[in-house]
Amino acid sequence: IQDYDSIGVHKTYPHIYQKGQYNQIFTVKNFGLWWIWGLWEAMVVFFVPLFCFEGVIVHSNGKNGDIWLFSVTCFTSVVMVVSFKLFLFERYFTWLNAISYFVLTLLLYFVYVLLSNFLPWSLTHSAIYTILSN
């Protein structure tokens, strides 16, 4: 669709929209596969950090990891999985896509997580520093 002019394209090139009109792409099988794949990703994003932090002393003062350490780790995994999945399934990859995926998404996320420890209402308790130090 990006190769065509957007004004009147639906009248000039109707074959572009036929797959959507005839429901050839979004089928029950395709939906089920994506649903199963999403369930698998959710289980990996939750259970891998859960088993990695189970009974492990991660702080230098001998304390175990808390819920904030676990939640920051899980959400960082979610952000990375979603960003790389979008990157892999991108049909037309341009420099603007690369900037949006790697700079605006990942870099700004890590900057926010690092700076959020200095906000008075943040309850992360330096979880990102603990993650990065181990």
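Just so you know, these numbers come straight off a predicted model, no measurement behind them.

Engineer: Just give me the short version of helix 5 (residues 95–116), but keep the residues and values in it.
Structural biologist: The terminal C-alpha atoms of helix 5, which comprises 22 residues, lie 29 Å apart, in line with the 32 Å expected from a rise of 1.5 Å per residue. Considering bend angle alone, the principal kink of helix 5 is centred on Leu-108 and spans about 25 degrees. When helix 5 is considered as a whole, its buried residues turn out to be Asn-97, Tyr-101, Leu-106, Tyr-109, Val-113 and Ser-116. For helix 5, the secondary structure elements touched by its buried residues are helix 4 (67–88) and helix 6 (127–133).

Engineer: Explain the nonpolar core residue by residue, including any values.
Structural biologist: The biggest cluster of nonpolar side chains holds eight residues, and these are Leu-69, Val-72, Val-79, Leu-106, Tyr-109, Val-113, Ala-127 and Ile-128. Broken down by secondary-structure element, the contributors of at least two residues to this core are helix 4, helix 5 and helix 6. Setting aside anything within four residues of it in sequence, one finds Val-72 in contact with Tyr-109, Val-113, Thr-124, Ala-127, Ile-128 and Ile-131.

Engineer: Quick rundown of the packing of helix 4 against helix 5? Include the residues and the values.
Structural biologist: Contact pair helix 4 / helix 5: the axes reach a minimum separation of 10 Å and the direction vectors enclose 175 degrees. It follows that helix 4 is roughly antiparallel to helix 5 by the angle criterion. Contacts from Val-72, Phe-75, Thr-76, Val-79, Met-80, Ser-83, Phe-84, Leu-86 and Phe-87 of helix 4 reach helix 5 at Tyr-101, Phe-102, Thr-105, Leu-106, Tyr-109, Phe-110 and Val-113. Here the residues of the contact of helix 4 with helix 5 are counted per class, giving 13 nonpolar, three polar and no charged.

Cut-off values and rules
- Residues numbered from 1 in each chain as written.
- Predicted model: local features only at pLDDT ≥ 70, side-chain atom pairs only at ≥ 80, totals over all residues.
- Heavy atoms only, no water.
- Helix = DSSP H or I, 4+ residues; strand = E, 2+ residues; numbered from the N terminus.
- Expected span 1.5 Å × (residues − 1).
- Bend = angle between axes of the 7 residues up to and from the residue.
- Buried < 20%, exposed > 50% of the residue type's maximum accessible area, 1.4 Å probe, protein only.
- Contact = heavy atoms within 4.5 Å.
- Core = buried A, V, L, I, M, F, W, Y, C linked by side-chain atoms within 4.5 Å.
- Axes fitted to C-alpha atoms, helices over the stretch in contact; angles between N-to-C directions.
- Parallel < 35°, antiparallel > 145°, perpendicular 65-115°, else oblique.
- Nonpolar A, V, L, I, M, F, W, Y, C, P; charged D, E, K, R; others polar.

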